Amino acid sequence: TTQGIRTFYLDDSEISDPPADGAEYTGHKFSAVLRDSDEHWAAYIPPKTTVTIFASPSTFIMRFKAGFSGYVRLALLNNCTTGKDNVSPHCPATNVPNSEADPYIDEFAQAIDDGSNVCTEGSVITIDKVPQGTRTTYHYKDVRCWDSLPDGYLTMIALPHHLAVTPCNGDYKVVQAGGHRNLRGLGLAVQTAGHKWELVYPEYDIDWVGEPDKDKIPTILKFLKGNGELSDMHYDMRYDMKDGMIDPYNAGKMLAKLGRLTLIADQLDEPDIRDILLNRTRVRLSRWLDHTTKNLLIYDSTWGGVISCGCRYIWIDMKEWPEPHGYPICANDETKLECPTLADPNFDFGNAYYNDHHFHYGYFIYTAAVVARYDPAWAKKYNEKVLMLVRDIANPSPDDRYFTTFRYFDFFVGHSWALGIYSDPNGKGQESTSEAVNAWYGVYLYGQATKQSLVSTIGETLLLMEVHSTNYYWHVPQNIEIYPKGYNHLMVGILHDLIIEFQTYFGAAGFFVHGIQLLPITPVVHLMFPPYWVQDGYPRFKAYCAADPFCTDSGFVTFMVAEQAMIDKEGAWTAALKLPDSVFSNDCAGGNGNSRTNTLYFVSAWGNDKRPHWPMEEPACTNWDWTVDTQTTPTIKDHSTLSRSRRTGFRKPKSTTIGAWLLTLVLLCGALYGAYRNRERLLEEADAIKQQCRHGYAMLHSRARAQKGEGQTLPSSPSAAPSLYGTASP
């Protein structure tokens, strides 16, 4: 480091005045209090290892001898060690060290020592049902880092969202303070008596559509079928959009809009209207799956995923024609594979650069679930193709040759990252958590509709985890401190690894920030917005909208009404009835995936809904401590069958007592792999055009992101490229 040191310790004994020109020391634990940051760091190395220490007023260097090989572990023990010079922002007060305000600071350092000889070489994740809900268990393959030292306890850092779902079963001890702040609040040390970490997420009913108030059904039916040509039963995509001359994100929103109207018609006992909407939905979705849209979905063999080809949109003026005096065409060169998305990282919102796939394809999967629910024959025919979209965003199998595992989901932070293969100095990021939740909702419903239980369990688990983390890191809680006091907003627009932003990729207006976390309006939205947060969040959303008429013009006002419904059903109902028709039009970027029928139905079915248990308000535990015999040296379990390179997969452990509900990676693989059979043919096709479709990605250094709402329309002719999406008929 380029910092000098205040104090240097060798195996916890202070060494006075280590020389600036270097001196050799032999030991296991080397630690130093740094002068500029006031941080106390420890380095654990193989016992009896000799290193050279250089300690000057401006540098501290630990140099190993040539040929050294072995574990070196670095840990931060204290981020305000002396409180001197007022250099650390982590001090409890000016020139006050942590030790004067935090009685656990030494216990935290001891926990780091306890875990220093437990090295993790691999892990797997399993899921099972328990009486309290869905249990996600992280199983670690632990070994001694250094055989000459005694065993210790697996010690990890728990973020705030972890603690709310870590059970009090005697297997865990959490040091209640002494941790370190990062972007997600205070991280505390959690020790395990075994070699696993369980997180139990409360079980919630995940409904297709919900039950509306009986007295409100006539009004809902009026807008579904009794409002003349404006009745939502007549809704359809514009003619060019039907032809697939549109990006998959906006296409997905409109397809899902049709799907929700289908569900509502069925729930309101309107079978004829349901069948009309179902057929329309089926035809529009099937075009994308049949590879006959102008904007093709193709397989990219370089990064292993389904991407959109894009379309150079050109308007042909025909002044003598009636409105709109012309028509659009896709101007791609159909004699060769011309995909504008490959050259422009912003095209189709960055789809070819793997940006936001779970947002885009989540809408498609949701729509497929609706069609599959009513048409099993269609589901059987298109199952392989729908599962390709599932595999693109939530593939559980490390043995899949065509798709990476869980491309977007981060199992430690409990939420997704939307940024594709762009380089960003602020790290990975995600904007719309509600669209991420919608993706997992779609996977869950598709598994339910097609009776593929393991597919639905993947969707349900990711949904529960994403909802839970959203209520910590996007919906800023008021009962615990996550972000510094200088962040005076209740909502996060974009969360990165290193920063948070109160803005969106398409604008900085406050109603954009709040609204992007509420679309699409489906039953699972109410799981994301606890009433205690909405009581503070909704007034701000309302104020942002009242100050700018573009909140209405953009359609984002519809999301404000949905949020209002969480605490004021009748007020939201009245507001929904007053919304202008324009906010639901295909040309309205915010509202084009919604309808008045759906808005009224949501308010009626889910307004003022109270869940029985909100982990933010009622954590599973508040005082974790041992009730097991921690004096017994823990046995290092043999997990030799586990992957040493993969940390997020459901792979079958060596043995299990969890029973039929235990979901492992092997079983998940079997469920999905049983659905797609023509893998070899698919690979041959991919190889055949590999050179044509290979990405150069010269712009990986760019932070460029697609700007939602800039009026793109995108496609390519069916003859422009061989279909790599799905499987052909025998």
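Residues numbered from 1 in each chain as written. Predicted model: local features only at pLDDT ≥ 70, side-chain atom pairs only at ≥ 80, totals over all residues. Heavy atoms only, no water.

Draft legend 1. Representation of the overall build of the protein. When helices and strands are counted, the protein shows 22 helices and 22 strands. Looking at the 730 residues of the protein, the share that counts as buried comes to 60%. Pairs at least 24 apart in sequence give 72% of the contacts found in the protein among residues at least 6 apart. (Helix = DSSP H or I, 4+ residues; strand = E, 2+ residues; numbered from the N terminus. Buried < 20%, exposed > 50% of the residue type's maximum accessible area, 1.4 Å probe, protein only. Contact = heavy atoms within 4.5 Å.)

Draft legend 2. Region of interest: the nonpolar core. Ranked by size, the top nonpolar core spans 165 residues in total, and within it Trp197, Trp378, Trp440, Leu463, Tyr483 and Phe529 carry the most contacts. Top element by residues in this core is helix 9 (residues 357-374). It accounts for eleven residues. Every residue in contact with Phe529, bar those within four places of it in the chain, is listed here: His475, Met491, Gln517, Leu518, Val534, Glu563, Met566 and Trp614. (Core = buried A, V, L, I, M, F, W, Y, C linked by side-chain atoms within 4.5 Å.)

Draft legend 3. A look at the state of the cysteines. By the definition in use, this model includes five disulfides. Each sulfur of the disulfide joining Cys309 and Cys339 lies 2.0 Å from the other. What sets the handedness of the Cys309 and Cys339 disulfide is the S-S torsion sign, and at about -100 degrees it is left-handed. One end of the pair, Cys309, is in the loop between strand 15 (305-308) and strand 16 (313-317); the other, Cys339, is in the loop between strand 17 (326-330) and helix 8 (340-343), with 30 residues separating them in the sequence. When its relative accessible area of 0% is taken as the criterion, Cys309 is described as buried. Each disulfide pairs two cysteine sulfurs, and for Cys545 the partner residue is Cys551, the sulfurs being separated by 1.9 Å. Of the residues examined, Cys545 reaches a relative accessible area of 11% and is grouped as buried. (Disulfide = S-S within 2.5 Å.)

Draft legend 4. Region of the structure containing a nonpolar patch on the surface. On the surface, Tyr239, Tyr313, Trp315, Trp321 and Tyr327 cluster together into a nonpolar patch covering about 480 Å² of accessible area. Within the fold, Tyr327 resides in strand 17. (Patch = residues over 30% accessible without salt bridge, like charges linked within 9 Å, V, L, I, M, F, W, Y side chains within 5 Å. Areas by Shrake-Rupley, 256 points an atom, 1.4 Å probe, with all protein chains shown as cover. Salt bridge = Lys/Arg side-chain N within 4 Å of Asp/Glu carboxyl O.)

Draft legend 5. The arrangement of the packing of aromatic side chains in detail. Under the defined criterion, the tally for this structure stands at 28 aromatic pairs. Between the aromatic rings of Tyr483 and Tyr487, the centroid separation amounts to 5.9 Å while the plane-to-plane angle is 65 degrees, which identifies the pairing as edge-to-face. A centroid spacing of 5.0 Å and a plane angle of 70 degrees characterise the contact between Phe512 and Phe556, whose relative ring orientation is edge-to-face. With Phe512 in helix 13 (residues 510-515) and Phe556 in the loop between helix 16 (550-553) and helix 17 (557-565), this residue pair connects regions lying 44 residues apart in the sequence. Each member of the aromatic cluster is reached from another via a ring pair, and the members are Phe506, Phe511, Phe512, Phe550, Phe556 and Phe559. The ring of Tyr235 carries the charged tip of Lys257 above its face, separated from the ring centre by 3.9 Å. Note that Arg373 overlies the ring of Trp208, its terminal NZ or CZ placed 4.6 Å from the centroid. (Phe/Tyr/Trp six-rings, centres within 6.5 Å; stacked < 30°, edge-to-face > 60°. Lys NZ or Arg CZ within 6 Å of the ring centre and 35° of its normal.)

Draft legend 6. Here's a closer look at the pattern of salt bridges. This model, assessed by the stated rule, comprises 28 salt bridges. Among the salt bridges present, the one from Arg312 reaches Glu338, with a minimum N-O distance of 2.9 Å. With a gap of 26 residues between them, Arg312 in the loop between strand 15 and strand 16 and Glu338 in the loop between strand 17 and helix 8 connect regions that are remote in the sequence. Among the residues examined, Arg312 registers a relative accessible area of 35% and is labelled partly exposed. Among the charged side chains, a network of salt bridges with common partners joins Asp128, Arg135, Lys196 and Glu198.

Draft legend 7. Main features of the environment of Lys542. As for its placement among the helices and strands, Lys542 is situated in helix 15 (residues 531-546). Given the relative accessible area of 45%, Lys542 is considered partly exposed. Measuring from C-alpha to C-alpha, the distance between Lys542 and Glu563 comes to 9.6 Å, with 21 residues separating the pair along the chain.

Draft legend 8. Main features of the packing of helix 6 (residues 248-267) against helix 19 (residues 596-606). At their nearest, the axes of helix 6 and helix 19 sit 10 Å apart, and the two run at 60 degrees to each other. The angle between the axes of helix 6 and helix 19 places the two elements in the oblique class. Relative to helix 19, the crossing made by helix 6 is left-handed. Facing Arg260, Leu261, Ile264 and Gln267 of helix 6, the residues of helix 19 in contact are Thr597, Asn598 and Tyr601. A per-class count over the contact of helix 6 with helix 19 returns three nonpolar, three polar and one charged. (Axes fitted to C-alpha atoms, helices over the stretch in contact; angles between N-to-C directions. Parallel < 35°, antiparallel > 145°, perpendicular 65-115°, else oblique. Left-handed = near helix turned anticlockwise from the far one by under 90°. Nonpolar A, V, L, I, M, F, W, Y, C, P; charged D, E, K, R; others polar.)

Draft legend 9. Examining the side chain of Glu198 more closely. Along the chain, Glu198 falls in strand 13 (residues 196-202). The exposure class of Glu198 is buried, given its relative accessible area of 5%. Side chain to side chain, Glu198 and Asn169 meet in a polar contact 2.9 Å long. Excluding its chain neighbours within four sequence positions, the residues that come into contact with Glu198 are Arg135, Thr136, Thr137, Val165, Thr166, Pro167, Asn169 and Tyr172. (Polar contact = N/O pair within 3.5 Å; in protein donor to acceptor, adjacent residues only side chain to side chain.)

Draft legend 10. Main features of the sheet that holds strand 7 (residues 118-130). Strand order in the open sheet formed by three strands is 7-8-13, with antiparallel pairing between adjacent strands. In the strand order of this sheet, the two ends are held by strand 7 and strand 13, each with one partner. Neighbour-to-neighbour, the strand axes of this sheet turn through a mean angle of 15 degrees, independent of strand direction. The pairing of strand 8 (residues 133-144) with strand 13 spans seven bridges and is antiparallel. Along strand 13, the bridge assignment pairs Tyr138 with Trp197. Seen against the sheet, helix 12 (residues 453-473) touches strand 7, strand 8 and strand 13 and runs at an angle of roughly 90 degrees to strand 8. (Pairing = 2+ DSSP bridges.)

Draft legend 11. Layout of the pairing of strand 17. Burial along strand 17 is one-sided: Gly326, Pro328 and Cys330 are buried, while Tyr327 and Ile329, pointing the other way, are not. The pairing of strand 16 with strand 17 spans five bridges and is antiparallel. Residue pairing across strands places Asp317 opposite Gly326, the latter belonging to strand 17.

Draft legend 12. Expanded view of unusual backbone geometry. In this structure, Pro324 follows Glu323 across a cis peptide bond, with omega equal to 10 degrees. With respect to the helices and strands, the residue Pro324 is situated in the loop between strand 16 and strand 17. Along the chain, Leu519 connects to Pro520 via a cis peptide bond; the corresponding omega equals -5 degrees. Relative to the elements of secondary structure, Pro520 occurs in the loop between helix 13 and helix 14 (525-528). One non-glycine residue, Lys48, lies in the positive phi region at around 65 degrees. As for its placement among the helices and strands, Lys48 is situated in strand 4 (residues 40-55). Here Lys48 falls in the exposed class, since its relative accessible area comes to 74%.

Draft legend 13. Highlighting helix 10 (residues 376-394). Taking 1.5 Å of rise per residue, 19 residues should cover 27 Å, yet helix 10 covers just 23 Å from first to last C-alpha, more than 12% shy of that figure. Along helix 10, the sharpest change in direction is near 60 degrees and occurs at Tyr382. (Expected span 1.5 Å × (residues − 1). Bend = angle between axes of the 7 residues up to and from the residue.)

Draft legend 14. How the structure looks around the packing of helix 18 (residues 569-577) against helix 19. Closest axis-to-axis distance for the helix 18/helix 19 pair is 9 Å, and the angle between their directions is 170 degrees. One finds that helix 18 runs roughly antiparallel with respect to helix 19. Residues Lys569, Ala572, Trp573, Ala576 and Leu577 of helix 18 pack against Arg596, Thr599, Leu600, Val603 and Ser604 of helix 19. Grouping the constituent residues of the contact of helix 18 with helix 19 by class yields six nonpolar, two polar and two charged.

Any link to function would need more than the numbers given here.
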